[in-house]
Amino acid sequence: MNNKIIYDLWLSNIPGLGIESQNKLLEAYDSSYDIYESIANKDFFDTIQINGLNQKTIDCAKNRDMSISQTIEREMKNNGIVPISKFDKEYPETLLCLNDAPLVIYTRGKLSKREAVAIVGARKASYYGIWVARNIAKKLVEYDFQVVSGMALGIDSAAHQGALEGSGHTTAVLGCGPDICYPQSNKKIFDEIIDKGAIISEFPPGVKPYPNNFPRRNRLISALSKVVVVAEAGLSSGSLITADFALEQGKEVFSVPGNINNIFSLGTNKLIKDGANPLIKIDDIINELGIKTEEKMGKEHLCLGVDEKLIYELVINSGEISIDELSQKSNKSISQIKGIVSILEIKGVLESALGKIFIA
Amino acid sequence: MFYKVISGSLFGIDSEIVTVEVDLAQGLPCFQVVGLPDASVRESKERIRSAIVNSGFKFPAKRITVNLSPANTRKEGTHFDLPIAVGIAASLGYINSNNGHIIENYAFLGELSLDGKVNKIKGALPIAIGLRSNGIKNLIAPMDNIEELEIVQDINLIPVNSLNHVLDFINSKVEINYDCKSRNRMSNRSSYEDFSEVYGQESAKRAIQIAASASHNILMIGPPGSGKSMIAKRIPSILPSLSFDEILEVTKIYSIAGELSKEMPIVSERQFRSPHHTITKVGLFGGGINPKPGEVTLAHNGVLYFDELPEFSRMTLELLRQPMEDEKILISRANNTVTFPSKFMFVASMNPCPCGYYGSNKINCICKEFQIKNYLSKCSGPLLDRIDMHIDVLPIDFKDMNNCQNNKTSLEMKTEVEEARMIQIERYKGESISYNSQLTQKLMNKYCILDSKTKDLMESAFTKLNLSARGYNKIIKISRTIADLDRKEKINFGHVAEAISYRSIDKKYFR
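Cut-offs applied
- Residues numbered from 1 in each chain as written.
- Chains lettered and ligands numbered in written order.
- Predicted model: local features only at pLDDT ≥ 70, side-chain atom pairs only at ≥ 80, totals over all residues.
- Heavy atoms only, no water.
- Phe/Tyr/Trp six-rings, centres within 6.5 Å; stacked < 30°, edge-to-face > 60°.
- Helix = DSSP H or I, 4+ residues; strand = E, 2+ residues; numbered from the N terminus.
- Buried < 20%, exposed > 50% of the residue type's maximum accessible area, 1.4 Å probe, protein only.
- Lys NZ or Arg CZ within 6 Å of the ring centre and 35° of its normal.
- Salt bridge = Lys/Arg side-chain N within 4 Å of Asp/Glu carboxyl O.
- Contact = heavy atoms within 4.5 Å.
- Buried area = accessible area lost by both parts, 1.4 Å probe.
- Nonpolar A, V, L, I, M, F, W, Y, C, P; charged D, E, K, R; others polar.

Caption draft 1: Local environment of the packing of aromatic side chains. Enumeration over the complete set of coordinates arrives at 14 aromatic pairs over all chains. Considering the side-chain rings of Y7 of chain A and Y33 of chain A, the 4.9 Å spacing of their centres and the 70° angle between planes classify their relative orientation as edge-to-face. Here the residue Y7 of chain A occupies a position in helix α1 (residues 5-12), and Y33 of chain A occupies one in helix α3 (residues 32-38), the gap between them amounting to 26 residues. Judged by relative accessible area, Y7 of chain A falls into the buried class, the value being 18%. A relative accessible area of 32% means that Y33 of chain A is categorised as partly exposed. Their ring planes at 55° and their centres at 5.1 Å tell us that Y7 of chain A and Y36 of chain A sit as a pair that is tilted. You can see Y7 of chain A sitting in helix α1 and its partner Y36 of chain A sitting in helix α3, a full 29 residues away along the chain. Among the residues examined, Y36 of chain A registers a relative accessible area of 13% and is labelled buried. Site record: aromatic cluster; members linked through ring pairs are Y7, W10, Y33 and Y36 of chain A. Sitting over the face of the ring of Y435 of chain B, R421 of chain B holds its NZ or CZ atom 4.4 Å from the ring centroid. A cation over an aromatic ring shows up here: K453 of chain B above the ring of F493 of chain B, its NZ or CZ 4.2 Å from the ring centre.

Written out as structure tokens, the structure is:
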């Protein structure tokens, strides 16, 4: 680890010293190292005008206490966490555009320079939302984009999963230290992302996932990306905050429409009403990013038998359908329908959950 | 003076002969009962004393010793009152000595009331069965218990209503000829509700029929009001009728539990037990100082239904595994262990989330996702492993309610189930199991051979749908049952394809 970064670590972890204040200091002095050297001077804080600093912070800064950053350094070594300062060349350029870009980001895995698309949405998502997130992610990585999200339950996880399934790159931006897997139930994805993608956090190791951290990390998700896609959101979802940040940062927002009687889609539908781009077909996102989609062979030409085709058509026409309805509409026995649906599920054509069948 | 009277002991649902020995000796008056009597038997002394006096006899001022032989087993119940009283009466000379030998051919059961009346007892049937199998041909028993005893073959029943009545009979002053007019009275009138009353729900009915055909355990998942309990209640109506031995077994259990009555003197139909989720451990599994059967035993040869499965405590669900696996439950006490049978078909229902409406289009689910996860994880693991089939039950649309003609009746479904059961009985004749749900790995290799196309299907399902090894075996068992219902000897591709659809929980279901 670069020697200088210990000073960045020190500066960024002074309790009470926010990013704005850090920036003011960095404007006046060239680097954290210089600040460190000069801060012992008695009149240091008279020459720099920084509002809102309380005495405790000033004293702590003057103490030049390296212990916090040394602890962090140790933690990072144990967990394979790599800190990157905004002065390093590995620091994502896209983040530099932020006024309040974090001085240090803590990373795991391997950062990618590919263009990024954020896919965000509600923690409590319907099967449709999960399907949408996963498949948009899969499509994006086919075209060599990387998928950025927050590794929350629901849409975020589905997006990461879709990217991983498509053997692409995905970056998770966390609302806690990168040594903590939050939520715990996502351990498997967490490990896979460290292995095949990247984890970024502006919080040093040990910082717990306090609720306040999440809106802050949402700004990073939209900053890293060229475009933000909201896959599914209710009215109070945090992903709407991400959409707001995107607008502030001048990024395009896409929103996936949902059924108007569905509470899961109230947020996404409202976004469209308020001016977000509706995402009608998964391919649209690719076109909007300026890439021509190749005429891939439609659906992979499925080898379906006569009966299987019949059922498949019925499901497509209904969106989602129950076994009983399929039996009535096709005039086949329940026994036959169940068998055909099982086979189509194994073929990957259909999916079923909670009694409903829909296209995979 | 020494007299012997025959009675029976009750231990769990089994019974052995007990010889009540009564001895009157000179000495300070006292009344002792030995032979490990429990509290209710010890208290009988008071009842007997009052009953004898109130029947018009003098109570002897002698040293009375009563021994309940064999002396090393615990004696429970109040039915020893009558045999002890008869023994004392005999020792006092209130029984003609020429008839003295007669009481050796008779067994006596009954609780005495202070005025000398003979009261109904619990567990009369198992005791009677035990006595009969030990060669006793004549049984003197309380009048109120007689109906339940009619089911015992080849025994002479003598119903009595008071101590005087008994003594008069023994002394041939009175004749009692009990005419078993109602013997073998098994009502053909079914008290079950019918499946034709359930509108729609064809896929659920199909699944239930498969489950009933081989006693597969089944879980129904669906929002409130979708009809899960309605369907569950009707399951006994399509199960095959109880055989005579099964009727006997279940009636014995209900006799001990004290659940027989004038309206239901014998249990001739499969029982449906649906304990509330707040039931105690003892209530569910049995126990108490004098072990009584719990719900799992009362559901023997019937259906045990757990509505709202996640509401049951984790420990309860954990403890359920043993009786489900062994088909019996052991209740241990300090000196001994009682075994009650517990072979039942397990049916459970649950909602997909705490509020119940996750996945519904009509009503919005208000649960937080951690609540959903906690709710579902309560019943993951070993208990789910014991459940062979899962189905989703959705509420029907209003328009379907009126559209439903041609609902299959329970009788039609039952006939098909019985045919499938006959196939299984025939197939497993020399084996140790009776139904497909009990198949072991070894027996599966023998009776459930798959062709190569079907094997490939299983392999794809295994990988694509994340099946576990246990899930794999269950699918084979279910396929065997589906093939039986289809009257096919060999399991084919279609049978397995359908069977796979009953393992929805194995998939990435609850993300």
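Structure shown, so let's carry the discussion forward.
Caption draft 2: Summary view of the pattern of salt bridges. All names here are of chain A. Counted under the stated rule, the structure contains 34 salt bridges over all chains. Put simply, K226 and E115 hold a salt bridge, and the shortest N to O gap is 3.6 Å. Of this pair, K226 sits in the loop between α11 (213-224) and β7 (227-232) while E115 sits in the loop between β2 (104-109) and β3 (116-121), and the two are 111 residues apart along the sequence. Salt-bridge contacts for R219 lead to E202; the nearest nitrogen and oxygen are separated by 2.8 Å. Of the two residues, R219 is situated in helix α11 and E202 in the loop between β6 (198-201) and α11; the sequence distance between them amounts to 17 residues. Taken together, the shared-partner salt bridges in this structure form one network comprising D100, E202, R216 and R219.

Caption draft 3: Expanded view of the interface of chain A and chain B. Taken together, the contact pairs 29 residues of chain A with 35 residues of chain B. For the pairing of chain A and chain B, the buried interface totals around 2,800 Å² over both sides, and the portion due to carbon and sulfur atoms is 56%. Counting the contacts that link chain A with chain B gives 0 salt bridges. Of all elements in the fold, only α8 (127-142), β10 (320-322), α16 (323-330), α17 (334-346) and β11 (350-353) of chain A reach the threshold of two or more residues within the side of chain A that touches chain B. With 8 residues, the single largest contributor to the side of chain A that touches chain B is α17 of chain A. The residue inventory of the side of chain A that touches chain B, partitioned by class, reads 10 nonpolar, 10 polar and 9 charged.

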